[in-house]
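# Working through the structure, step by step
As a plain string of letters, each chain reads:
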Amino acid sequence: MIRKVTTHINQNEGTIFERSRPGREGYKLAALDVEAADLAAIIDSKYLRDDDLAGLPEVSEVDVVRHFTRISTWNYAVDLGMYPLGSCTMKYNPKLNEKVSRFDGFASAHPYTPDEISQGNLKLMKVLEEALSEITGLAAVSLQPAAGAQGEMTGLMVIRKCLETRGNARKIVLVPDSATGTNPASAAICGYQVKTIKSGANGGVDIENLRQIVNEDVAALMLTNPSTLGMFEENIEEVCRILHDAGGFVYMDGANMNALVGVTRPGDLGVDVIHLNLHKTFSTPHGGGGPGAGPIAVTSELEQFLPFPRILEVSDGKGGKLFRVEYNCPQSVGRVRAFFGNFSVLVRALCYIVSLGPDGLREATETAVLNANYIAHHLQSDYEVGFHGKPLHEVIFSDKRQQKFGVHTIDIAKRLIDYGFHPMTVYFPLIVPGAMMIEPTESEGREELDLFIDAMRSIAREAEETPDLVKSAPHNTRIGRLDEAAAARKPILRWKPASAAAGQS
Ligand SMILES: *Cc1c(COP(=O)(O)O)cnc(C)c1O
């Protein structure tokens, strides 16, 4: 039955501004026992604020602490439970990475510190580059891009630059219809026309179709592998051959590398450029939109075009080695990010890689695939499979069976919140109508997976027996179903005092 379980005092926690009471203060100090000095007399007036502080909330320390602690408990986090957002790879982020990234030498390093006294940090980046190079099977890595989407853009800039030096940048980038929106967006930003290619019956690239489309105008194909359907592109070597024979490149969107690490190397399959989402595959918390890191790995042919600065390992002239930051890279596409990218994310990624080791990384991949298949197996009795075939690290269902009762994907996702889970990715990929894309990652143990499966089965039963209960979910949250379209189109991002708001509509 529907029951509001959240009747706690923080049910209706307002904004910190609504908590404000005239004259309430955070701190009171004892009376001065020295003579008061006039601030303006000891500090140059240009350093004094003259803006009006009226409007800032007047609150006590306990008001502040309770307000923020309460609203922090409204959040869902991977530390609370399973976060099965497909494609996003919301794996658990080991606390070890967090601890190491906060070491003083990492956390307080300044990007302008001279090379001679940054040897440790430069080495960390070089070792990470080498590790990613080994994992992807590609010759060289740039750690600079701040996220996957920026990695895509950088990778296409590199391809464009290479083609330009050959005399023709070409016009078209091919993107499969199952791709994430960032793929066509990146191609367009780099000045290419995007041509969509239809997925074949097995969800992969239709080879015959590809053969017909690829010509001298095609600069590259962007391929997500495994695809956003969770399927491995079995024809990848043939795909690469077709592109290469026509003088084009294969860009692999590596957001799903957590299904391949330690098992297969894209470079060995013929891929020319790949981005990795360190915040996905190599564990950095990324629920709130960052920071992340989207390094790219490229073939030796493309290395000279990578963003600068590069980190070089050179001789110190005394028989030893040292690391040097090289800014003179004449063929480089330029900088894409200030300094060295999001350094603390790089620290976490290397910590993750080194603490798992080669066998551990492979085991994480195998476990991620096993977990997705466990869910695929146990939910197919209740939900329509979105795509037939053997999934790797994520699995897609659709709402086809529940639609009969007027229940749709969005309702199932919202009802899942009542069961204590973050919803899965919904309505993506676009080629599966009513898609529910579930990615458990390797983090989940059997018990947690079973809880999730139970919840999903229970919702399937409810959809049949009490569809209204599902269609009006969530019921156990502080706020019920939101108007998401209005929230996206007319977001209210600035708090206004009640008096000011009253005067405006
Ligand atoms: C997440 C994702 C991206 C974009 O990566 P960001 O790091 O979010 O910019 C690109 N492609 C796929 C398939 C993804 O899942």
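Read on for a plain summary of the structure.

## A look at the layout of surface pockets
In this structure, the largest pocket encloses a volume near 760 Å³. Forming the boundary of the largest pocket are 24 residues, of which Trp74, Ile417, Thr477, Arg478 and Ile479 lie nearest the centre. Examining the composition of the lining of the largest pocket, we find that 3 residues originate from one element, helix H14 (residues 409-418), more than from any other. Partitioned by chemical class, the residues of the lining of the largest pocket number 11 nonpolar, 8 polar and 5 charged. A volume near 390 Å³ is recorded for the second largest pocket. Lining the second largest pocket are 23 residues, and of these His110, Pro111, Phe339, Phe340 and Phe343 sit closest to its centre. When its residues are assigned to classes, the lining of the second largest pocket shows 14 nonpolar, 7 polar and 2 charged.

## Comments concerning the nonpolar core
For soluble globular proteins, the rule of thumb is that nonpolar side chains tend to be buried together. In terms of nonpolar packing, the biggest core is built from 60 residues, with Met125, Leu128, Leu132, Leu174, Leu210, Leu278 and Phe282 touching the most fellow members. For this core, the element with the highest residue contribution is helix H12 (residues 343-379), accounting for 12 residues. Split by domain, the residues of this core number at least three in each of domain 1 (95-354) and domain 2 (359-489). Every residue in contact with methionine 125, bar those within four places of it in the chain, is listed here: Leu143, Ile311, Phe340, Phe343 and Leu346. In terms of nonpolar packing, the next biggest core, distinct from the first, is built from 27 residues, Ile159, Leu163, Val173 and Val333 among them.

## Points about unusual backbone geometry
Here asparagine 225 and proline 226 are connected by a cis peptide whose omega angle stands at -5 degrees. Mapped onto the elements of the fold, proline 226 is located in the loop between strand E4 (218-224) and helix H9 (236-245). Look at the link from phenylalanine 308 to proline 309: it is a cis peptide, with omega at 0 degrees. Note that proline 309 resides in the loop between strand E7 (296-298) and strand E8 (310-315). Positive phi, close to 75 degrees, is recorded for serine 87, a residue that is not glycine. Along the chain, serine 87 turns up in the loop between helix H2 (61-72) and helix H3 (95-101). With a relative accessible area of 10%, serine 87 lands in the buried category. The phi angle at phenylalanine 339 is positive, at roughly 55 degrees, despite the residue not being glycine. Mapped onto the elements of the fold, phenylalanine 339 is located in the loop between strand E9 (321-326) and H12.

About the criteria used
Residues numbered from 1 in each chain as written. Predicted model: local features only at pLDDT ≥ 70, side-chain atom pairs only at ≥ 80, totals over all residues. Heavy atoms only, no water. 1 Å grid on protein atoms, 1.4 Å probe; cavity = no way out; pocket = protein on both sides within 12 Å on 5 of 7 lines; lining within 4 Å. Points joined across faces, edges and corners; volume = space filled by probe spheres on them. Helix = DSSP H or I, 4+ residues; strand = E, 2+ residues; numbered from the N terminus. Nonpolar A, V, L, I, M, F, W, Y, C, P; charged D, E, K, R; others polar. Core = buried A, V, L, I, M, F, W, Y, C linked by side-chain atoms within 4.5 Å. Buried < 20%, exposed > 50% of the residue type's maximum accessible area, 1.4 Å probe, protein only. Domains from an automatic or database assignment. Contact = heavy atoms within 4.5 Å.

By themselves, these figures tell us nothing about what the structure is for.
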